[in-house]
Amino acid sequence: MTHLVTGATGTVGTQLVRELLDRGHSVRALTRDPARADLPAGVETVRGDLTDPESLAAALQGVTGLHLITFGGPYFTPLETGPRILELAREAGVRRITVLHGGGPTPLEDAVRASEFVWTVLMPVEFMSNALEWAESVRTEGEVREPFTDRLSAMVHEADIGAVAAVALTEDGHGGQEYVLTGPQALTVADKTETLAAARGGAIRLVELTEEEALVRWRAAGQSDEVIDFLLMVYRDTPPVGRTVVDTVERVTGRPARTFAEWAKEHAGVFTAGAGAGVDAAKGDV
């Protein structure tokens, strides 16, 4: 059985591809630029664009499991092409679909939920990989600069998201489920900074920004008013779902969720002086 992973070069997509391969499944990876895709040996890489559903027709042939993301294009615009994608999937004989939740209602996710497919919605809280946004300042200045440093996050390892998706795509019992995914701990920014310092073997200063300083930084980075309003909302008072640990990863995969300390050890090199530039700090699948 072949499984098609869209967003295959993104934060979650790459993990799902590896997980499916490790489980012995045939994997087809969809990307807009196969020549630039750096995927493991044994993966069939195909060209396609979710904003152009007809480009998926050939890639869907012979596929039984389909992983979808809800955004397309350079600015994470919600996809409006869900109905046609699902029509093509139905014609190709797809049985199971996983969807990576995009943070709110989206046309594609709504279409999947209303469909006859065996579907599972994955709802991860903050990705551990978001900490990569601090890599440059840690390498060059030895510090992390953030507002609201006491905020809590039950952040989840991206590999655990991929593992849950792989189970849902390949095993029975996950249809119609909405899985909130967290790590095993709720951590403050200070907790995360200390963990990164221990992993890299060097102290990291935590500089707490005022709200006004954070606004200046976000605007200078080109963030939209909508994004800034969202950041202020979740940073001032993180919703319970974002700071409450749940055991979904262990229930679905049969093993405990990975800790942030494990993630930090895996990525310690990018927080060390002399590490290469171009760290991928993506917040989600692309």
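Residues numbered from 1 in each chain as written. Predicted model: local features only at pLDDT ≥ 70, side-chain atom pairs only at ≥ 80, totals over all residues. Heavy atoms only, no water.

## Topic: the sheet that holds strand E3 (residues 44-47)
Here is step 1: Across the sheet, 7 strands lie side by side as E3-E2-E1-E4-E7-E8-E10; this open sheet has parallel pairing. The sheet is open, and its two borders are formed by E3 and strand E10 (177-181), each paired with just one other strand. With direction set aside, neighbouring strand axes in the sheet form an average angle of 20°.
Here is step 2: Both strand E4 (residues 63-69) and strand E7 (residues 96-100) contribute to a ladder of 5 bridges, which runs parallel. In the sheet register, Gly 65 faces E7, and the bridge partner there is Arg 96.
Here is step 3: Most of the contacts of helix H1 (residues 11-22) go to strand E1 (residues 2-5), to which it runs at about 170°, and overall it touches E1, strand E2 (26-31), E4 and E7. (Pairing = 2+ DSSP bridges. Helix = DSSP H or I, 4+ residues; strand = E, 2+ residues; numbered from the N terminus. Axes fitted to C-alpha atoms, helices over the stretch in contact; angles between N-to-C directions. Contact = heavy atoms within 4.5 Å.)

## A word on the nonpolar core
Here is step 1: Among the nonpolar cores identified, the biggest contains 53 residues, and Leu 68 and Ile 97 are the most heavily contacted of them.
Here is step 2: Tallying contributions element by element places helix H5 (residues 158-170) first for this core, with 6 residues.
Here is step 3: Not counting residues within four places of it along the chain, the set of residues in contact with Ile 97 comprises Leu 66, Leu 68, Leu 86, Val 112, Phe 117, Val 118, Trp 119, Thr 120 and Leu 169.
Here is step 4: One finds Met 128, Val 138, Val 189 and Phe 260 within the second-largest nonpolar core, a separate group that totals 17 residues. (Core = buried A, V, L, I, M, F, W, Y, C linked by side-chain atoms within 4.5 Å. Buried < 20%, exposed > 50% of the residue type's maximum accessible area, 1.4 Å probe, protein only.)

## Some words on the packing of H1 against H5
Here is step 1: Closest axis-to-axis distance for the H1/H5 pair is 8 Å, and the angle between their directions is 55°. One way to sum up the angle between H1 and H5 is to call them oblique. Crossing hand, H1 versus H5: right-handed. Here H1 contributes Thr 11, Val 12, Gln 15, Leu 16, Glu 19 and Leu 20 to the contact with H5, which in turn contributes Glu 158, Ala 159, Ile 161, Gly 162, Ala 163, Ala 165, Ala 166, Leu 169 and Thr 170. (Parallel < 35°, antiparallel > 145°, perpendicular 65-115°, else oblique. Left-handed = near helix turned anticlockwise from the far one by under 90°.)

## Remarks on the pattern of salt bridges
Here is step 1: Under the criterion given, the structure shown has 18 salt bridges.
Here is step 2: The residue Glu 146 makes a salt bridge to Arg 151 at a minimum N-O spacing of 3.1 Å.
Here is step 3: A relative accessible area of 5% places Glu 146 in the buried class.
Here is step 4: Between Asp 160 and Arg 255 there is a salt bridge; the shortest N-O distance is 3.0 Å. Of the two residues, Asp 160 is situated in helix H5 and Arg 255 in the loop between helix H10 (248-253) and helix H11 (260-266); the sequence distance between them amounts to 95 residues. (Salt bridge = Lys/Arg side-chain N within 4 Å of Asp/Glu carboxyl O.)

## A short note on the confidence of the model for the protein chain
Here is step 1: The pLDDT averaged across the protein chain works out to 93; a share of 95% of its residues lies at or above 70.
Here is step 2: Predicted confidence for residues 277-286 stays below pLDDT 50, and this span has 30 contacts to residues more than four positions away or in other chains. (pLDDT = per-residue confidence, 0-100.)

## A word on the environment of Ala 197
Here is step 1: Considering the arrangement of structural elements, one finds Ala 197 in helix H6 (residues 189-200).
Here is step 2: Residues Ala 197 and Ala 166, spaced 31 residues apart in sequence, show a C-alpha to C-alpha distance of 32 Å.
Here is step 3: Every residue in contact with Ala 197, bar those within four places of it in the chain, is listed here: Gly 202, Ala 203 and Ile 204.

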